[in-house]
2 protein chains.
Amino acid sequence: MSGHLSVVGLGPGDARWLTPEADQAFAQAHALYGYGPYLDRVPSRPGQARYPSENREEAARAAAALRHAAQGARVALVSGGDPGVFAMAAAACAEIEKGPEAWRTLDVAVVPGITAMLAVSARVGAPLGHDFCALSLSDNLKPWDLILRRLAAAADAGFVIAIYNPISRARDWQLAAAFEELRRRLGASTPVVFGRAVGRADEKVAITTLAAADPNTADMATLIIVGSSETRLIARPGRSPLVYTPRAVESVRV
Amino acid sequence: MSGHLSVVGLGPGDARWLTPEADQAFAQAHALYGYGPYLDRVPSRPGQARYPSENREEAARAAAALRHAAQGARVALVSGGDPGVFAMAAAACAEIEKGPEAWRTLDVAVVPGITAMLAVSARVGAPLGHDFCALSLSDNLKPWDLILRRLAAAADAGFVIAIYNPISRARDWQLAAAFEELRRRLGASTPVVFGRAVGRADEKVAITTLAAADPNTADMATLIIVGSSETRLIARPGRSPLVYTPRAVESVRV
C-alpha cells in the first residue's frame, strides 16, 4: 500500500479562510503533524492521531510525517497560511530530496491556502495591486547581506514588498536595519502596513509611513507591506484609509 | 442606508478552493458584478441580480458596482483568484479615488482568495519556497521597458519570478522577449513551470527549463513560474518531478 502525504495550508487565523479542499484533506487523514497552535485549529476526529511539535522544528516534523506516510498511512502535514510560502512545502521537499528512495514513491499533494500577505492586503484595500515581491527577513537560513541586497533591488525596481518573519526574540535588530535600507531608497511618505494576527481575535492592522514605521509595532505574528513610489492612500470620512497600488504606471520612474 | 461593496476572490477554477467567507459574501449579495465566466462559477440565488461584463472592462465594471452599492445595496464584485493580485481590488480602489465623494462612505470589504501562483506552486511542489516576486507581463498598463528592468532586477537578486498575464492575442511577442532577457541572467537549466487553467477540467501543468521554455506553451489562462539559481527538481520514479526552492541559501551567489 502506497502512503500519502498532504501538505495542507490553514490560511491565516479565520476559519472562514480554510478551503473545502483543506478541510477534506484533514477529514481523510489518519494522522496529523503540525506546530501545536496550528494543529489546535483543526477539529478533532475519532481515530485520528495528532502529533504536535514546536515552531522551529520544520525539518524534523516533515521527516516524521514522511516516515509515517511511508508506512502506508494517509498523513496531513499542517501548515499556516499557504504551505508554499515560507512554510512547510519546501521543508517537506527538502526532506524528500535527502531522505530514503522510498519517499520518492509516495503520493505527495500540496493543498494551497490564503497566505498572510493576501489577508493583510485585503484588510486595507489593494497594496499588492501592482508588481510585488515576498521576502522573509529571517537570517536564520540566509545571509543578512543577501536580504539587504534583495530589499534594495526590489525597492529600486518599484516592487511593493511583503515582509514575512520580520522579527523574533532572537532577531531583534534586523527590521530596523531593513527600514533604514528602504528609507535610503523610497520616499518618507511611502505607505507601510503592519498586519498582526489577521483573522484572529487579537488582529491588529496599522497603516503608517516609511518615515514613521516603528519596528516595535511588529512581532512574530506580523506581516508587513511596504509600498512602492506608486502606492497611495484614499482618505475616507469616519473610516480608515484605503491603501492601494494602481495597476497602471504611466512612465518609468524607477 | 449605507451601501456595501465586497470585492470577492473566487480562487482558481476548482470550487474546492472557494473559501467559506467568499461563499457567504455571494450568498448575502443583492447583486453580483463580474467577468461572465467568473460569474458563471457562482451559484444562482433567487432575487439576486447578475451583471456580467467583458474581460477587459475592469474600470467600468468596478464603477457600475460602486454606483449600485451607493444606492444602498449589498453588491459583490467577483474577481478571479485573489482580488488583490492583478485583479479587481485595485480597479475598485482606483474608481473610488476618482469617483464621487459618496463612494468613500461605502462599506468596502475585500475577500481574499487563492491566487494562481499558489495553486500552480502547489501542483509541482514548492517553487515559491524562498523569496519570490509576482509580475504582470502586460504592457497595456505600464511601459515594456519597465517590465524588462523588473525581470532583470528580480533575476539578478535571486527572486523566483511568478509571471501573470504572460500572453494574449494582442500581446504575442512579449513572453519570448522576457525569456530572452532571463536567459541572459539565469542558467539554461533553471526550472520553469507553465500552469494552465489550474483547478479546471482542462488543467495542464508542464515543467521545463529556461533553455527549452516555449512561449507557445502559454495562453491567457497560464501562470508561469521561473526559478532562481537555487530552484531544483527532485526526480521520482513513475511520477512527475517535484520542483522546489530550498528555504536555506548557504552563501551569497547573486
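Residues numbered from 1 in each chain as written. Chains lettered and ligands numbered in written order. Predicted model: local features only at pLDDT ≥ 70, side-chain atom pairs only at ≥ 80, totals over all residues.

### Considering the overall build of chain A
Heads up, the rule is: Note on conventions: DSSP H or I runs of at least 4 residues are helices, E runs of at least 2 residues are strands, and numbering of each starts at the N terminus. Using C-beta atoms placed from the backbone, we call a residue buried if 20 or more other C-beta atoms fall within 10 Å of its own, exposed if 12 or fewer do, and partly exposed for counts in between. This entry defines residue contacts through backbone-placed C-beta atoms, with two residues in contact when those atoms are within 7 Å.
Per the secondary structure count, chain A includes seven helices and 13 strands. Overall size of chain A, expressed as C-alpha extent along the three principal axes, is 60 × 40 × 35 Å. Burial statistics for chain A: of 254 residues in total, 53% are counted as buried. Summarising the internal contacts of chain A: among those between residues at least 6 apart in sequence, 73% fall at separations of at least 24.

### Some words on the relation of the copies chain B and chain A
Short version of the rule: Superposition of the copies used a least-squares fit over C-alpha atoms from residues whose pLDDT is at least 70 in both.
The two copies are related by a screw motion: chain B maps onto chain A through a turn of 180 degrees and a shift of 0.0 Å along the axis, at an RMSD of 0.0 Å. Taken together, these values place the two copies in the relation of a two-fold axis. Taking the C-alpha atom as reference, chain B places Cys133(B) closest to the rotation axis, 1.9 Å from it. Of all interface residues in chain B, 100% are interface residues in chain A too; the two copies therefore contact each other through one and the same surface.

### Observations regarding the sheet that holds strand E2 (residues 31-35) of chain B
Residue and element names in this part refer to chain B. Applied cut-off: DSSP-based pairing: two strands are paired if at least 2 bridges between them are found. To obtain each axis, a line is fitted to C-alpha atoms, and for helices this fit is confined to the stretch in contact; angles are then taken between N-to-C directions over 0 to 180 degrees.
In spatial order, the strands read E3-E2-E4-E1-E5; together these five strands make up an open sheet with parallel pairing. Looking along the sheet, the strands with just one partner apiece sit at the ends: strand E3 (49-53) and strand E5 (107-111). Taken pair by pair, the neighbouring strands of this sheet meet at an average axis angle of 15 degrees, ignoring direction. Pairing geometry for strand E1 (residues 4-9) and strand E4 (residues 74-79), over six bridges, is parallel. Residue Val7 lies in a different strand from E4, and its bridge partner there is Leu77. Lying on the sheet, helix H3 (residues 58-70) is in contact with E1, E2, E3 and E4; it crosses E4 at an angle near 165 degrees.

### Remarks on the interface of chain B and chain A
Tallying the contact residues gives 61 residues for chain B and 61 residues for chain A. Of all the elements, helix H4 (residues 88-98) of chain B adds the most residues to the side of chain B that touches chain A, at seven residues. Pairing of strand E7 (residues 132-136) of chain A with strand E7 (residues 132-136) of chain B involves three bridges; the strand directions are antiparallel. When the sheet's bridge partners are listed, Phe132(A) is paired in E7(B) with Ala134(B).

### A few points about the domain arrangement of chain A
Residue and element names in this part refer to chain A. What counts is decided by this rule: Boundary definitions for the domains trace back to an automatic or database domain assignment. Charged residues are taken to be Asp, Glu, Lys and Arg, nonpolar residues to be Ala, Val, Leu, Ile, Met, Phe, Trp, Tyr, Cys and Pro, and polar residues to be all remaining types, Gly included.
Domain boundaries assigned for chain A yield domain 1 (4-114) and domain 2 (117-244). Between domain 1 and domain 2, the C-alpha centre-to-centre distance is 28 Å. Counting from both sides, the interface comprises seven residues of domain 1 and, opposite them, ten residues of domain 2. Within the side of domain 1 that touches domain 2, the residues separate by chemical class into five nonpolar, one polar and one charged.

### Some words on unusual backbone geometry
Residue and element names in this part refer to chain B. The residue Phe86 is not glycine, and still its phi comes out positive at about 50 degrees. In this fold, Phe86 is placed in the loop between E4 and H4. Using a count of 26 C-beta atoms within 10 Å as the deciding quantity, one classes Phe86 as buried. Positioned with a positive phi, Asn165 is a non-glycine residue whose angle comes to about 50 degrees. Residue position: Asn165 is located in the loop between strand E8 (160-164) and helix H7 (174-183).

### Let's talk about the packing of helix H6 (residues 144-156) of chain B against H7(B)
Helix packing geometry: the angle between the two helix axes and the distance between the axes. Residues and elements named next belong to chain B. Basically, it comes down to this: Here is the rule for handedness: rotate from the far helix to the near one, and if that takes an anticlockwise turn smaller than a right angle the crossing is left-handed, while a clockwise turn gives right-handed.
Contact pair H6 / H7: the axes reach a minimum separation of 10 Å and the direction vectors enclose 35 degrees. Regarding H6 and H7, the two cross each other, and that crossing is right-handed. In contact with Trp144, Leu148, Leu151, Ala152 and Ala155 of H6, H7 contributes Gln174, Ala178, Glu181 and Leu182. Among the residues forming the contact of H6 with H7, the class breakdown is seven nonpolar, one polar and one charged.

### Here's the deal with helix H5 (residues 116-124) of chain B
All names here are of chain B. The buried fraction of H5 amounts to nine of the nine residues, a majority that puts the element mostly inside the structure. Along H5, the residues classified as buried are Ala116, Met117, Leu118, Ala119, Val120, Ser121, Ala122, Arg123 and Val124. One or two residues past the end of H5 sits Gly125, with phi positive at roughly 135 degrees.

### Some thoughts on the sheet that holds strand E13 (residues 239-244) of chain A
All names here are of chain A. Taken in spatial order, the three strands of this open sheet run E6-E13-E12, and their pairing is mixed. At either end of the open sheet lies a strand with only one pairing partner, and these are strand E6 (125-126) and strand E12 (232-236). Relative to E13, E6 runs parallel, the two being bridged by two bridges. Along E13, the bridge assignment pairs Gly125 with Val243.

### What about the pairing of E4(B)?
Residue and element names in this part refer to chain B. With five of six residues buried, E4 is to be regarded as a mostly interior element. Examined bridge by bridge, E2 and E4 share three bridges and lie parallel to one another. Paired with Leu32 across the two strands is Ala76, which belongs to E4.

### Observations regarding helix H4 (residues 88-98) of chain A
Of all eleven residues in H4(A), nine are buried; the element is thus mostly enclosed. Where H4(A) is concerned, the buried positions are Met88(A), Ala89(A), Ala90(A), Ala91(A), Ala92(A), Cys93(A), Ala94(A), Glu95(A) and Ile96(A).

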